[in-house]
Amino acid sequence: MDDKQINQLITRPNESLGLELKNWFDPDSFSGRAKLIKAIIALRNNDGGYLLIGFNDEDGSPNLADAPDDVQTQFHVDKLVALVTKMASHSFEIFVHYPVIDGKHFVLVEVPSGIKSPIVTKSELKDGSNVYVKLNCTYVRTLKANLTPSTAEATWKDWPDLVERCFENREADVGRFVRRHLASAMTGDMKETLGHFLSNSRPPTPADQLHQFLDESLARYQSRIEEQKHKDLPEHGSMEFAASIDGEIGEFRANRDFLNLIQSTNPNWTGWSVFSVVGSADFPSFKPRIVDGAWEALVDIFGTGFMDDLTFWRVAPEGRFYAYHGFEDDFSNGDRTPEPGTALEFVLAILRASECLALSLHFAKAMGATEDGILNATYRWRGISGRTLSSWASPRRMMPSWYTAEQNEVISTISVPIETAPAALGGYVFQATRPLFEVFDGFTLKPDIVDDIVSRLLNRQL
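Note that the structure is predicted; figures quoted are calculated from it, not measured. (Residues numbered from 1 in each chain as written. Predicted model: local features only at pLDDT ≥ 70, side-chain atom pairs only at ≥ 80, totals over all residues. Heavy atoms only, no water.)

**Quick word on the overall build of the chain**
Put simply, the rule reads: Numbering of helices and strands starts at the N terminus; helices are DSSP runs of H or I of at least 4 residues and strands are runs of E of at least 2. Here the open area of atoms and residues is found with the Shrake-Rupley method and a 1.4 Å probe, where only the protein chains shown may cover a residue.
The number of helices and strands found in the chain is eleven helices and 19 strands. A total of about 20,900 Å² of accessible surface is found on the chain, and carbon and sulfur atoms cover 49% of it.

**Here's the deal with a nonpolar patch on the surface**
Threshold: Patch construction takes residues with relative accessible area above 30% that form no salt bridge. Like charges are linked within 9 Å, and nonpolar side chains (Val, Leu, Ile, Met, Phe, Trp, Tyr) are linked within 5 Å. One speaks of a salt bridge when a side-chain nitrogen belonging to Lys or Arg is within 4 Å of a carboxyl oxygen belonging to Asp or Glu.
A grouping of Trp159, Val163 and Phe167 is seen on the molecular surface, where their side chains present a nonpolar patch of about 290 Å² in accessible area. Along the chain, the position of Trp159 falls in helix α5 (residues 159–182).

**Looking at the pairing of strand β6 (residues 107–111)**
Condition: Per-residue accessibility, obtained with a 1.4 Å probe over protein chains only, is compared with the maximum for each type, and a residue is labelled buried under 20%, exposed over 50%, and partly exposed between these values. Pairing between two strands requires that DSSP report at least two bridges joining them.
Extensive coverage of β6 is indicated by the burial of five of its five residues. Alternating residues of β6 divide into Val107, Val109 and Val111 and Leu108 and Glu110, and every residue in both groups is buried. Here strand β2 (residues 49–53) pairs with β6 via five bridges, running antiparallel. Residue pairing for β6: Ile53 is matched across the bridge by Val107. For strand β3 (residues 95–97) and β6, the ladder comprises three bridges, and the chain directions are antiparallel. When the sheet's bridge partners are listed, Phe95 is paired in β6 with Glu110.

**Here we look at the pattern of salt bridges**
Following the criterion strictly, the structure yields 20 salt bridges and no others. Close ionic contact of Lys126 with Glu124 constitutes a salt bridge, the shortest N to O distance being 3.5 Å. With relative accessibility at 44%, the residue Lys126 sits in the partly exposed group. The exposure class assigned to Glu124 is partly exposed, which follows from its relative accessible area of 37%. Measuring nitrogen to oxygen at the nearest pair gives 2.6 Å for the salt bridge that ties Asp330 to Arg387. On the criterion of sequence distance, the pair formed by Asp330 in the loop between β15 (320–326) and β16 (343–345) and Arg387 in the loop between β17 (374–382) and β18 (388–390) is long-range, its members being 57 residues apart. Here Asp330 matches Arg387 in class, with each residue buried. A cluster of three or more residues bridged by salt bridges with shared partners is formed by Glu15, Glu20, Lys22 and Arg141.

**A word on the confidence of the model for the chain**
Spelled out, the test is: Known as pLDDT, the predictor's per-residue confidence is scaled from 0 to 100. The contact criterion used is simple: two residues touch if any of their non-hydrogen atoms lie within 4.5 Å.
Residues with a pLDDT of 70 or more make up 88% of the chain, whose mean pLDDT is 86. Considering only residues more than four positions removed or in separate chains, one finds that residues 201–205, a stretch of pLDDT under 50, has twelve contacts.

**With respect to helix α11 (residues 447–458)**
Quick reminder of the rule: In a helix, the anticipated span is given by 1.5 Å times the number of residues less one.
Taking 1.5 Å per residue, twelve residues should reach 16 Å; α11 reaches 17 Å between its end C-alpha atoms and fits that length. Looking one or two places after α11, you find Arg460, whose phi comes out positive at around 55°.

**A closer look at the sheet that holds β15**
Quick reminder of the rule: An axis is simply a line fitted to the C-alpha atoms; with a helix, the fit covers only the stretch in contact. Between two such axes, the angle follows the N-to-C directions and lies from 0 to 180 degrees.
The strand order across the open sheet formed by seven strands is β12-β13-β14-β15-β11-β17-β19, and the pairing between neighbours is antiparallel. Each of the sheet's edge strands pairs with one partner strand only, and the pair in question is β12 (289–291) and β19 (409–417). For this sheet the average axis-to-axis angle between neighbouring strands, irrespective of direction, equals 15°. Where β12 meets strand β13 (residues 294–301), three bridges bridge the pair, whose relative direction is antiparallel. Paired with Val291 across the bridge in β13 is Ala294.

**Description of empty space enclosed by the protein**
Where we set the bar: Lining residues are those with an atom within 4 Å of a point, where the points come from a 1 Å grid over the protein atoms alone and group into cavities, where a 1.4 Å probe fits but cannot get out, or pockets, open sets with protein on both sides within 12 Å along at least five of seven lines. Grid points are joined across faces, edges and corners, and a volume is the space filled by probe spheres set on the points. Any residue that is not Ala, Val, Leu, Ile, Met, Phe, Trp, Tyr, Cys, Pro, Asp, Glu, Lys or Arg is counted as polar, Gly included; the first ten are nonpolar and the last four charged.
Applying the stated criterion to the full structure yields four cavities of 30 Å³ or more. Considered as a void within the structure, the largest cavity measures approximately 120 Å³ in volume. What lines the largest cavity is a set of 15 residues, and nearest its centre among them are Asn14, Asn266, Asn268, Ser276 and Val277. Looking at the lining of the largest cavity residue by residue, the classes come out as six nonpolar, eight polar and one charged. The calculated volume of the second largest cavity comes to roughly 90 Å³.

**Details of the side chain of Ser390**
Rule in force here: Within 3.5 Å is the distance limit for a polar contact, defined as a pair of N or O atoms, with the added protein rule that one can donate a hydrogen and the other accept it, and that residues adjacent in sequence qualify only through two side-chain atoms.
Tracing the sequence through the fold places Ser390 in strand β18. In this structure Ser390 comes out as buried when scored by relative accessible area, which is 16%. A polar atom in the side chain of Ser390 sits 3.0 Å from the backbone nitrogen of Trp392. Every residue in contact with Ser390, bar those within four places of it in the chain, is listed here: Ala343, Leu344, Glu345, Phe346 and Met399.

**Considering the sheet that holds β6**
Here four strands make up an open sheet; going across it, the order is β1-β2-β6-β3 and the pairing mixed. Looking at the sheet topology across the chains shown, the edges are occupied by β1 (19–22) and β3. Adjacent strand axes in the sheet meet at a mean angle of 15°, parallel and antiparallel pairs treated alike.

**Focus on the packing of aromatic side chains**
Under the convention used in this document: When two rings of Phe, Tyr or Trp (its six-membered ring) have centres within 6.5 Å they constitute a pair, described as stacked for plane angles under 30 degrees, edge-to-face for angles over 60, and tilted for the intermediate range. Only lysine NZ and arginine CZ atoms are considered, and such an atom sits over a ring when it is within 6 Å of the ring centre and within 35 degrees of the ring normal.
What the rule picks out here adds up to 17 aromatic pairs. Ring geometry for Trp24 versus Phe75: centroids 6.2 Å apart, planes at 55°, classification tilted. With Trp24 in the loop between β1 and α2 (30–45) and Phe75 in the loop between α3 (71–74) and α4 (77–87), the pair connects residues that are 51 residues apart, well separated along the chain. A connected cluster of aromatic rings, assembled from ring pairs, spans Trp24, Phe25, Phe55, Phe75 and Phe106. Note that Arg33 overlies the ring of Phe30, its terminal NZ or CZ placed 4.6 Å from the centroid.

**Focus: helix α8 (residues 256–264)**
Owing to its 3.6 residues per turn, the α-helix brings residues three or four apart onto one side. Among the nine residues that make up α8, seven are buried, leaving the element largely enclosed by the rest of the structure. Buried within α8 we find Phe258, Leu259, Asn260, Leu261, Ile262, Gln263 and Ser264. Taking the backbone nitrogen of Asp257 as reference, a side-chain oxygen 3.3 Å away marks Asn255 as the first, capping residue of α8.

**A look at the packing of helix α9 (residues 346–366) against helix α10 (residues 425–438)**
Spelled out, the test is: Angles are sorted into four bins: roughly parallel if under 35 degrees, roughly antiparallel if over 145, roughly perpendicular if 65 to 115, and oblique for all others. With the far helix as reference, a near helix turned anticlockwise by less than a right angle produces a left-handed crossing, and one turned clockwise produces a right-handed crossing.
The N-to-C vectors of α9 and α10 enclose an angle of 130°; their axes lie 10 Å apart at closest approach. Classified by the interaxial angle, the pair formed by α9 and α10 is oblique. Judged by the sense of rotation from one axis to the other, the crossing of α9 with α10 is right-handed. Residues Phe346, Ala349, Ile350, Ala353, Ser354, Leu357, Ala358 and Leu361 of α9 form the contact with α10, whose participating residues are Leu425, Tyr428, Val429, Thr433, Leu436 and Phe437. Each residue belonging to the contact of α9 with α10 can be placed in one class, and the counts come to twelve nonpolar, two polar and no charged.

Listed below in structure tokens is the structure:
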């Protein structure tokens, strides 16, 4: 994780299946070690996530008063790695960061994705007759009856999802092997047939209702902006995303339980998700509200020089999702940041498109969508005329500076089977973003580049 992702994560933390908040505790005590190993194993079984220590899990506020003076010593990475090595059935990497808030260090444990077998405790942790961690126990991130997330021992309800995550990661390995090692030996017909098989592609369906939802949601965004009476809203380009589930889902209403479901099942791959639920007292205007039978929220931060953001989202219980995201190219500050309105960072464009699609599929499954269902999705990019493709935020990737757009708006529509494995999402993101890049003097990204960027997002390797 880079500094920006870390700061985004600690600025507006909300507990979810992929993020656990813990107040301060003694990591050398039996109870403290039990909290650490349970949380880390549960996050690994969740296919990755974050443990944030020193924060109130009720409102996400940092506990500055009780912060120890020697945080980096008490929670040293070597101690945590030794604990995982001793207690977990399979070894895996963890990363420990020590972000600073008001001069106090806090602890952020990053647990990568990539689980291929469930993690089980291989040792007991006990003090005399008091057992703090049992042998042969599997811990998972799960939802309580009120749809709030927690760490607990796995029950029969948790095992199908856990096993599916392991199989999906194994399937991803097979898919990468096929693409990298067999593609060069295939004929054109074989490539087309195998590509169709791996992507589970289906013909697109009519999207009239989806486009209507896209326009209605844009009107809601514009209404919220007018309500805020923004005088400092910069001129900017934007990406919009709208998706709807075609198929059976569970019965939901636009109530607190539905919002808890969306919040708690958000994997939060980037540290600050486009569908993040912000309910802290420090940001009352970001609090989600119900309008026209859907939850919606506007997050608008300008003038910070680092955390500037413009995001609006809507989620309807009928299985419809919308996101509006202002281009970072027009808000960010720094030595490499271009002049507003002059560039489109191609990696950021792919990441935002990927995140919206992957989250919508994640939410669809949480809402009980059947495997034969379809997620129809539409993207709309605006304000791109006169921009040049760039890699200013991704210095390791090179982008020539002569691809320029004359067209101001691009719309792209795709249909994705609900059963699509995460490893296959790159193909759909390539399909969705190809029309955007083509208006830049006919530029086309190679599919394996898009696939790599999507894979890094989903594996928290940005």
